[in-house]
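Fold and geometry: a report
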Amino acid sequence: MAGTDALPLPVMKNTWKPGSAYRVLVHAGLLSALLFSACATAAQAPLPDSPAIEARARALVSKLTLEQKIVFLGGTGDGNYVRALPEIGLPRLKMSDGPVGVRAWGPDTAYVSGVSLAATWDPALARREGEALGRDARSRAVHFVFGPGIDIARSPLAGRNFEYFSEDPFLNSALVVPYVEGVQSQGVIACAKHYALNDQEYNRHNVSVDVDERTMREIYLPSFEAAVTRGHVDAVMNSYNLVNGMHATENAFLNLKVLKGEWGFKGILFSDWGATYSAVDAANNGLDLEMPDARFMNVRNLRAAVQSGQVKESVIDDKVLRVVRAALRYGFMDRPQFDAADSTYSVADRGIALQGALESLTLLKNEGHLLPLDAAKMKTIAVIGPNAYPAVTGGGGSSYTTPFEPVSTLTAIANFLGPKVKVLYSPGLPTISEVFEHTPWGGAVKQETFASADFSGQAAVSTRRNIGDWKPSMFGPEDKAERTIRYTAVFKPATSGKYLLLAAAASEDAYRIRVDGRQAIAQPQAEGQVPHWVALELAAGKSVTVTADYMPHIPGLHLGVGMVAASDLVTEEAKQYAALADAVVVAAGFTPVTEGEGFDRTFELPFGQDELIEAMAAANPHTIVTLTGGGGMGTTPWLGQVPALLHTYYPGQEGGTAVAEVLFGAHNPEGKLPVTFDRSWKESASAKYYYPVKGADTELHVRETGGRLSNYTIEHVRYGDKLLVGYRYWTTMGKHPLFPFGYGLSYTTFAFSRLQAPPAATAGLTVAVSFDVTNTGSVAGAEVAQLYVSDPSARVDRPERELKGFEKVWLAPGETKRVTLNLDARAFSYWDETAHKWTIDPGKFVMRVGDSSENTPLQADLTLE
């Protein structure tokens, strides 16, 4: 992919002093970051492999006993550390979760999420974010940062999509290389994760992803291949899931044949935390370090395995050698990792966080050119919604970074507009806890507690006012005591109409909710969960009986159940504010509670938000919706009623400032969708193949846990969608999603012209494709020129088109730029499963150029011979 132009600073239109002063501070930080990056010395970067380093590493490892080497293979267990080897001068090595901030050691700059970075389509920015993360790590004496996350966003439900980049392996690869190079240039080891096919959070420890090799090679592995072979990443993290029936941490195909064999990876292969499930199989099949401690690859298991010949000592040596080699290359044994030249709190890096947010925000709808809003004419604005305040910077789980100063949408808009404009704020909805607390059950709720796992036996009976024990993000150890609880309550509707029945529990708790004996909601035991709700049509005065069967997994009670009339959901305060305002900004979408690690999210917006948006649109025709989330989500109930829609993904700590600047025209939106935005979950390309078929796709296994054997069930998820992931499905099937991959609106317009490509070329040689991009509008802006390749004459089925090149260009009004993209052999190749290699079928190829996977106005044929 061709390089990008130097990044221009955004035009500053608003002149109110306090707001401008803040923005000048952060934009000045961006300029400082650019200058720092340009002038930074390369002395911190790792040394290349050399015979001298290899000889020294081997000599050091040879001094260790077998027991010392085995002990080293497990983390310290008391935090994010690789064990020290004082016998050879290797210090304890400090680790931190990433990939949006150095989150494990206190507050830090929270950069944009992975999906946000992909929405920028800006490899140069990926490099700068990587460098900033590296500096943040050095200021905290961190040796390893766990990032980037580069699995494929196969489904909008996947709980960690926000950490990952996109649905496309080419876009992922184009971003992962500079990101890794940026982190490692600062003397910090990046860690590409989660290898491999960690494309869902549902039952992630026990799900086997069953997929053919061609699909793996063409869709799910290229991002990791690029990280290793082009980015030279020095650590990779295995995932929790199984691949074709074998856990990733003991998968010989992934770890030995591909990663360490074909790709020549000489770095360190970690397990994810608690993702090791055996000793001998993991040791023999490529895992180097078990984290966070050695439950399996310990002295008790591996010393006996070496003595019996099950594991060769040379295998143990290689694992230790990989860490020692890396430590020598990075200077970990020769200098302190803390670098006093780096700031723990960095204004310069705040500028990079802001630039990431500015470039990522994606305008999906702008009917009647409502945006940008005219700040000079604004007298009153309403900022409504659960995500308006406080700031929502990232998704939940191990990647969540606590920012020093997160900027919310509410405060940023107020800062931008200044004291002359009235800003009215309301969350607009009750919290989930408030619904549980204030549900008007008809009389006392009956609670029956059984000392059994199946509601059998004599129950202890008590009464209570509500079913309101739920709190967000509650986790805990497994409760060994057998107990189940049944709640029975009566609800008498005051009016006829739509009611929402809401339920939520914690951790791995399970429950079933019935209304008049019919099941309405069911939550099976799973690692994590989100609140669930269902709409019911109820008649005034006609009581219904609600029964909740609760199977707690952790100590205590954590179930919440409530009922509320849809007409009562949206607060009168929010409706009043919307009616008074010149415009309404509704900040909706997901949060760390409703989207995160360990659980999959819903496609529909969280509880009550559809009703909120509909109410705001009914009260004010100038309603703008901003959505937070890791990909597509449900918009069907209200999209036709709102004129403007802005996708913010998870924009990091400066997201509010970026939203304000885009809404009021201080920055022209330039984000492009890195994922397809579907109308509904059922229309998603992966919907039919996302969850296992109960019974047909399950099998019982035995696993050693804590020195004892236990049964567990493997569920098989069969990737029947194969190559047709995201836009590949839509374009191949001739269908159209709500918003296509690569799509994003601007406040200006662009045109493509003068496509030039050779009519014929020799297969295997680089092909240059050139074209013009012109800003045909009246304001400066950025466009992402995208090149898709079709192979209609292939001997095998191929997707109708695939992204094989792109370049982001910044253009003044009327300016034209000539873009040249070079296509190498892989741009035309597919994986031949019979020959086990990349293959080009000679014949006709079609080059398509445009601004999304569907809008490609330029086309040229090419014959490869």
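Residues numbered from 1 in each chain as written. Predicted model: local features only at pLDDT ≥ 70, side-chain atom pairs only at ≥ 80, totals over all residues. Heavy atoms only, no water.

Secondary structure summary: the chain contains 19 helices and 37 strands in total. Since a compact globule built from 865 residues should have a radius of gyration of about 29 Å, the 28 Å found for the chain is in line with a globular shape. Projected onto its principal axes, the C-alpha positions of the chain cover 80 × 75 × 60 Å. The 865 residues of the chain split such that 62% are buried. Within the chain, residue pairs in contact and separated by at least 24 positions form 77% of the contacts whose partners lie at least 6 positions apart. Summing over all exposed atoms, the chain offers an accessible surface of approximately 30,500 Å²; the carbon and sulfur share of this is 54%. Charged side chains in the chain number 79 positive and 94 negative. The centres of these two groups are separated by 1 Å. (Helix = DSSP H or I, 4+ residues; strand = E, 2+ residues; numbered from the N terminus. Rg over C-alpha atoms; globule rule 2.2 N^0.38 Å. Buried < 20%, exposed > 50% of the residue type's maximum accessible area, 1.4 Å probe, protein only. Contact = heavy atoms within 4.5 Å. Areas by Shrake-Rupley, 256 points an atom, 1.4 Å probe, with all protein chains shown as cover. Lys, Arg positive; Asp, Glu negative; His and termini not counted. Charge placed at Lys NZ, Arg CZ, Asp CG, Glu CD.)

With that settled, the discussion passes to the nonpolar core. Grouped together as the largest cluster of nonpolar side chains are 143 residues, with contacts concentrated most on F144, Y195, F270 and L302. Broken down by element, this core gets its largest block of residues, nine residues, from helix α12 (residues 313-330). In this structure, F144 is in contact with V82, L93, K94, M95, S96, V188, I189, A235, I268 and F270, ignoring residues within four places of it in sequence. Counting 46 residues, the second largest nonpolar core, distinct from the first, contains I432, F436, L569 and V642. (Core = buried A, V, L, I, M, F, W, Y, C linked by side-chain atoms within 4.5 Å.)

What follows is about the packing of helix α6 (residues 169-184) against helix α8 (residues 222-229). Packing of α6 against α8 brings their axes to within 8 Å, and their N-to-C directions diverge by 25°. Put simply, α6 runs roughly parallel to α8. Seen from above, α6 lies across α8 with right-handed handedness. Together, P169, N172, S173, V176 and V177 of α6 and P222, S223, A226 and A227 of α8 make up the contact between the two elements. Looking at the contact of α6 with α8 residue by residue, the classes come out as six nonpolar, three polar and no charged. (Axes fitted to C-alpha atoms, helices over the stretch in contact; angles between N-to-C directions. Parallel < 35°, antiparallel > 145°, perpendicular 65-115°, else oblique. Left-handed = near helix turned anticlockwise from the far one by under 90°. Nonpolar A, V, L, I, M, F, W, Y, C, P; charged D, E, K, R; others polar.)

Its location among the elements puts T276 in the loop between β9 (268-271) and α10 (280-284). Within the structure, the side chain of T276 is placed 3.4 Å from the side chain of S271, a separation counted as a polar contact. Among residues more than four places away in sequence, those in contact with T276 are T249, S271, A282, L287, E290, R295 and F296. (Polar contact = N/O pair within 3.5 Å; in protein donor to acceptor, adjacent residues only side chain to side chain.)

Bridge analysis of strand β13 (residues 445-450) against strand β16 (residues 484-491) gives five bridges, and the strand direction is antiparallel. Counterpart to K446 in the pairing with β16 is T488. Examined bridge by bridge, β16 and strand β21 (residues 544-551) share seven bridges and lie antiparallel to one another. Of the residues in β21, the one forming a bridge with I485 is Y550. (Pairing = 2+ DSSP bridges.)

A word on the packing of aromatic side chains. Counted according to the given criterion, the structure contains 32 aromatic pairs. Plain terms: the ring middles of F677 and F739 are 5.6 Å apart, the flat faces sit at 80° to each other, and that makes the pair edge-to-face. Residue F677 is located in the loop between α18 (655-663) and β26 (698-705), and its partner F739 is located in the loop between α19 (727-733) and β28 (750-756); the two are separated by 62 residues in the primary sequence. Each member of the pair, F677 as well as F739, carries the same accessibility label: buried. Ring geometry for W681 against Y690: centres 5.6 Å apart, planes inclined by 80°, an arrangement best described as edge-to-face. Judged on exposure class, the residue W681 and its partner Y690 are both buried. Within the aromatic cluster, the residues linked to one another by ring pairs are W121, F170, Y727, F741, Y788 and F806. (Phe/Tyr/Trp six-rings, centres within 6.5 Å; stacked < 30°, edge-to-face > 60°.)

Next up on the list: the pattern of salt bridges. Counted according to the given criterion, the structure contains 58 salt bridges. R848 is the salt-bridge partner of E800, the closest N and O atoms lying 3.4 Å from each other. Residue E800 is located in the loop between β31 (781-790) and β32 (802-811), and its partner R848 is located in strand β36 (residues 843-850); the two are separated by 48 residues in the primary sequence. Linked through salt bridges whose partners overlap, the residues forming this network are R160, E163, K193, E201, R204, E527 and E597. (Salt bridge = Lys/Arg side-chain N within 4 Å of Asp/Glu carboxyl O.)

Burial in helix α16 (residues 572-580) covers these residues: A574, Y577 and A578. Buried residues in α16, looked at end-on, bunch into an arc of 100°, giving them a common side. Residues of α16 that are exposed and point more than 90 degrees away from the buried face comprise E572, A579 and L580. (Arc of directions from axis to C-beta.)

The sheet built from six strands is open, its strands ordered β14-β13-β16-β21-β18-β19 with antiparallel pairing. The sheet terminates laterally at β14 (459-464) and β19 (518-523), the two strands that pair on one side only. This sheet shows a mean twist of 20° between the axes of neighbouring strands, independent of strand direction.

The subject of this paragraph is the environment of E783. Within the fold, E783 resides in strand β31. Residue class for E783 comes out buried when judged on its relative accessible area of 2%. With 18 residues separating them along the chain, E783 and L765 place their C-alpha atoms 28 Å apart. Other than its neighbours up to four places away in sequence, E783 contacts K672, F750, F752, V773, E807, K808, V809 and D851. At a separation of 2.8 Å, a polar atom in the side chain of E783 contacts the side chain of K672.

It is worth spelling out the packing of helix α14 (residues 409-417) against α18 at this point. Across the interface, α14 lies against α18 with an axial gap of 7 Å and an inter-helix angle of 50°. With respect to their mutual orientation, α14 and α18 come out oblique. Classified by chirality, the crossing of α18 by α14 is right-handed. Here α14 contributes T409, A412, I413 and F416 to the contact with α18, which in turn contributes G656, T657, V659, A660, E661 and L663.

What follows covers the sheet that holds β31. One open sheet holds the five strands; their spatial order is β29-β37-β36-β31-β32, and the pairing between them is mixed. With one partner strand each, in any of the chains shown, β29 (760-761) and β32 form the two edges of the open sheet. Where β36 meets strand β37 (residues 858-864), seven bridges bridge the pair, whose relative direction is antiparallel. When the sheet's bridge partners are listed, V849 is paired in β37 with L858.

The subject of this paragraph is a nonpolar patch on the surface. A surface patch of nonpolar side chains, amounting to about 220 Å² of accessible area, comprises Y345, V347 and F404. With respect to the element layout, Y345 can be found in the loop between α12 and α13 (347-360). Judged by relative accessible area, which is 32%, Y345 ranks as partly exposed. (Patch = residues over 30% accessible without salt bridge, like charges linked within 9 Å, V, L, I, M, F, W, Y side chains within 5 Å.)

Glancing now at the confidence of the model for the chain. Per-residue pLDDT for the chain averages 93, and the proportion of residues at 70 or more is 93%. In this model, residues 1-26 is a region of pLDDT below 50 whose contacts with residues beyond four sequence positions or in other chains number 53 contacts. This model gives residues 35-43 a pLDDT under 50, and the stretch forms three contacts once residues within four places in sequence are excluded. (pLDDT = per-residue confidence, 0-100.)

Our focus in this paragraph is helix α2 (residues 51-61). When α2 is considered as a whole, its buried residues turn out to be I53, E54, A57, L60 and V61. Buried residues in α2, looked at end-on, bunch into an arc of 130°, giving them a common side. Facing away from the buried surface of α2 by more than 90 degrees, the exposed residues are P51 and A52. Along its buried surface, α2 packs onto α3 (66-72) and α12.

Let's shift gears to the pairing of β13. As paired elements, β13 and β14 share six bridges and run antiparallel to each other. Bridge pairing links V445 to R464 in β14.

This next bit is on unusual backbone geometry. In this structure, the amide linkage connecting G147 to the following residue, P148, adopts the cis form with an omega of 10°. With respect to the element layout, P148 can be found in the loop between β3 (144-146) and α6. The omega torsion of the bond from Y195 to A196 falls at 5°, within 30 degrees of zero and hence cis. Position of A196 among the secondary structure elements: in the loop between β4 (189-195) and β5 (207-210). Of note in this structure, A141 is not a glycine but carries a positive phi near 60°. Tracing the backbone through its elements, the reader meets A141 in the loop between α5 (123-138) and β3. A141 sits in the partly exposed class, given a relative accessible area of 23%. For H836, which is not a glycine, the phi torsion comes out positive at approximately 55°. Among the structural elements, H836 can be located in the loop between β34 (830-832) and β35 (837-839).

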